[in-house]
Amino acid sequence: LERQQKEGERLSRTSSEHTAKNTQKTPEHTLFDAGTTLIRQGKIDAGIRKYRKVLEMRPHSADGYTLLGMAYREKYRVTNEMTWRQEEIFAFNKALQYNPKYVPALLSLGEVLYEQGEIAKAKSYFQKVLQYAPNHHAKEQLEIIIGSTQ
């Protein structure tokens, strides 16, 4: 439950960051917000559909792919089906294809790799997070992970 609450906060923060960058509400923003709300309500499949709809309109959206990856993460946590984990990783990589410095995608991909035991790869993503966002809210935790040996 705590993990889901944190993920909901991250979804909300990522969606809010996107909205703050673009002060005018566009159809994409409306769908981003609707998808985030649905996922926070536990309606993961409906949220995924909203995010996919955004990606139909904006196929090169790092924001969209990152939010979709986070939704896939929730779906994986609920179902434990590896297909959703693979989709999650694909979505984060796709986000980074369109914006290699996009911190939410870097952090999210690092977290997945860390959870899978791919510590060295995860550390490289966490280092990039701190490179592009030196005052990131997770700085202390990331520095601990980066400094650990394994």
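Remember, it's a predicted structure, so these values are computed and weren't measured experimentally.

1. As for the nonpolar core
And step 1. Core analysis: the biggest nonpolar cluster contains 39 residues, and Ile48, Tyr51, Leu109 and Leu142 have the highest contact counts within it.
And step 2. Among the elements of the structure, helix 2 (27-40), helix 3 (44-57), helix 4 (62-79), helix 5 (82-98), helix 6 (103-115), helix 7 (119-132) and helix 8 (139-147) are those that each provide at least two residues to this core.
And step 3. The element best represented in this core is helix 4, accounting for eight residues.

2. A word on unusual backbone geometry
The phi torsion of most residues other than glycine is negative, and most of the peptide bonds are trans.
And step 1. A positive phi is found at Asn80, a non-glycine position, where the angle reads about 65°.
And step 2. Secondary-structure assignment places Asn80 in the loop between helix 4 and helix 5.
And step 3. Overall, the relative accessible area of 59% leaves Asn80 in the exposed class.

3. Brief notes about the confidence of the model for the protein chain
Segments scoring low in pLDDT should not have their predicted coordinates read at a detailed level.
And step 1. Put simply, the protein chain has an average pLDDT of 87, and 83% of its residues get 70 or more.
And step 2. Taking the mean pLDDT of every element in the protein chain, the minimum, 51, falls on helix 1 (residues 2-21) and the maximum, 98, on helix 5.
And step 3. Predicted confidence is poor over residues 1-5, with pLDDT under 50, and the contacts of this stretch with residues over four places away or in other chains come to four contacts.

4. Topic: the pattern of salt bridges
And step 1. Under the defined criterion, the tally for this structure stands at eight salt bridges.
And step 2. The partner of Arg77 in a salt bridge is Glu74, and the shortest N-O contact between them spans 3.7 Å. Of this pair, Arg77 and Glu74 are both found in helix 4, three residues apart, which corresponds to roughly one turn of the helix.
And step 3. Overall, the relative accessible area of 22% leaves Arg77 in the partly exposed class.
And step 4. The shortest N-O distance in the salt bridge between Glu118 and Lys121 comes to 3.2 Å.
And step 5. Through salt bridges that share partners, Arg73, Glu74, Arg77, Arg85, Glu88, Glu111 and Glu115 make up one connected network.

5. Topic: the packing of aromatic side chains
And step 1. Scanning the model with the defined rule gives four aromatic pairs in all.
And step 2. Each ring, one from Tyr72 and one from Trp84, has its centre 5.6 Å from the other, and the planes form 35°; the classification is tilted. Pair noted here: Tyr72 is in helix 4 and Trp84 is in helix 5, with a separation of twelve residues, a long-range link. Comparing Tyr72 with Trp84, the two get one shared label, buried.
And step 3. Positioned over the ring face of Tyr125 is Lys128, at 5.5 Å from the centre of the ring.

Basis of the calculations
Residues numbered from 1 in each chain as written. Predicted model: local features only at pLDDT ≥ 70, side-chain atom pairs only at ≥ 80, totals over all residues. Heavy atoms only, no water. Core = buried A, V, L, I, M, F, W, Y, C linked by side-chain atoms within 4.5 Å. Buried < 20%, exposed > 50% of the residue type's maximum accessible area, 1.4 Å probe, protein only. Helix = DSSP H or I, 4+ residues; strand = E, 2+ residues; numbered from the N terminus. pLDDT = per-residue confidence, 0-100. Contact = heavy atoms within 4.5 Å. Salt bridge = Lys/Arg side-chain N within 4 Å of Asp/Glu carboxyl O. Phe/Tyr/Trp six-rings, centres within 6.5 Å; stacked < 30°, edge-to-face > 60°. Lys NZ or Arg CZ within 6 Å of the ring centre and 35° of its normal.

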